[in-house]
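Single-letter residue listing:
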Amino acid sequence: MADPRLWAVYQAGLAELFENMPFVDGLMVRIGEGGEVYAEDGWDYSSKLAVTTDASVRTMLRALLDTAGKAGKEVIFRTWTVGAVRDLHTNPESYAQVLGGFDDPHLIVSTSTPSATSTVTCR
């Protein structure tokens, strides 16, 4: 998921969305809260966590932010990284490792706390 060629496809789709639906203010992207944690016998639902490394998060965000920025739109990065990218939602060192250096006015980071009773949003 760190291959920029994959994200180029997402960029094209996002650019098309913003062009054809100018009333859309941005895009919310969620990682975590998926995969095997939610796999139950008999359920007709499944998911896979695909963005699971520091590099894949950074590649994804850079591609989406480049596209959103050109359109004057925002990207909300929502995470409760259970089973995904380390302990991004509870550990300041992990947060800095993954998101450090992203100084982009179009990025909003929203992380859920472990109690899931509140949300911290940084801009």
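Look a little higher up for the structure.
Below is a short write-up of the structure. (Residues numbered from 1 in each chain as written. Predicted model: local features only at pLDDT ≥ 70, side-chain atom pairs only at ≥ 80, totals over all residues. Heavy atoms only, no water.)

1. So, the nonpolar core
Grouped together as the largest cluster of nonpolar side chains are 22 residues, with contacts concentrated most on Val57, Met60, Leu61, Val75, Phe77, Leu99 and Leu107. Only α1 (4–20), β1 (26–32), α2 (54–71), β2 (74–80), α3 (92–99) and β3 (107–112) provide two or more residues apiece to this core. Ranked by residue count, the leading element in this core is α2, at 7 residues. (Core = buried A, V, L, I, M, F, W, Y, C linked by side-chain atoms within 4.5 Å. Buried < 20%, exposed > 50% of the residue type's maximum accessible area, 1.4 Å probe, protein only. Helix = DSSP H or I, 4+ residues; strand = E, 2+ residues; numbered from the N terminus.)

2. A look at the packing of α2 against α3
Orientation of α2 relative to α3, taken along the N-to-C sense of each, is 50°, at an axis distance of 9 Å. Viewed along their axes, α2 and α3 adopt a mutual orientation that is oblique. Only Gln97, Val98 and Leu99 of α3 make contact with α2, whose side of the interface consists of Asp54, Val57, Arg58 and Leu61. Of the residues belonging to the contact of α2 with α3, the class tally is 4 nonpolar, 1 polar and 2 charged. (Axes fitted to C-alpha atoms, helices over the stretch in contact; angles between N-to-C directions. Parallel < 35°, antiparallel > 145°, perpendicular 65-115°, else oblique. Contact = heavy atoms within 4.5 Å. Nonpolar A, V, L, I, M, F, W, Y, C, P; charged D, E, K, R; others polar.)

3. Remarks on the packing of α1 against α2
Their axes nearest at 9 Å, the elements α1 and α2 cross at an angle of 25°. Put simply, α1 runs roughly parallel to α2. Crossing angle aside, the handedness with which α1 passes α2 is right-handed. In this structure, α1 contributes Pro4, Trp7, Tyr10, Gln11, Leu14, Ala15 and Phe18 to the contact, and α2 contributes Thr59, Met60, Ala63, Leu64, Asp66, Thr67, Ala68 and Ala71. (Left-handed = near helix turned anticlockwise from the far one by under 90°.)

4. What about the pattern of salt bridges?
Applying the stated criterion to the full structure yields 3 salt bridges. Asp3 is the partner of Arg5 in a salt bridge, and the nearest nitrogen-oxygen pair spans 2.6 Å. A relative accessible area of 65% places Arg5 in the exposed class. The class for Asp3 is partly exposed, based on a relative accessible area of 31%. (Salt bridge = Lys/Arg side-chain N within 4 Å of Asp/Glu carboxyl O.)

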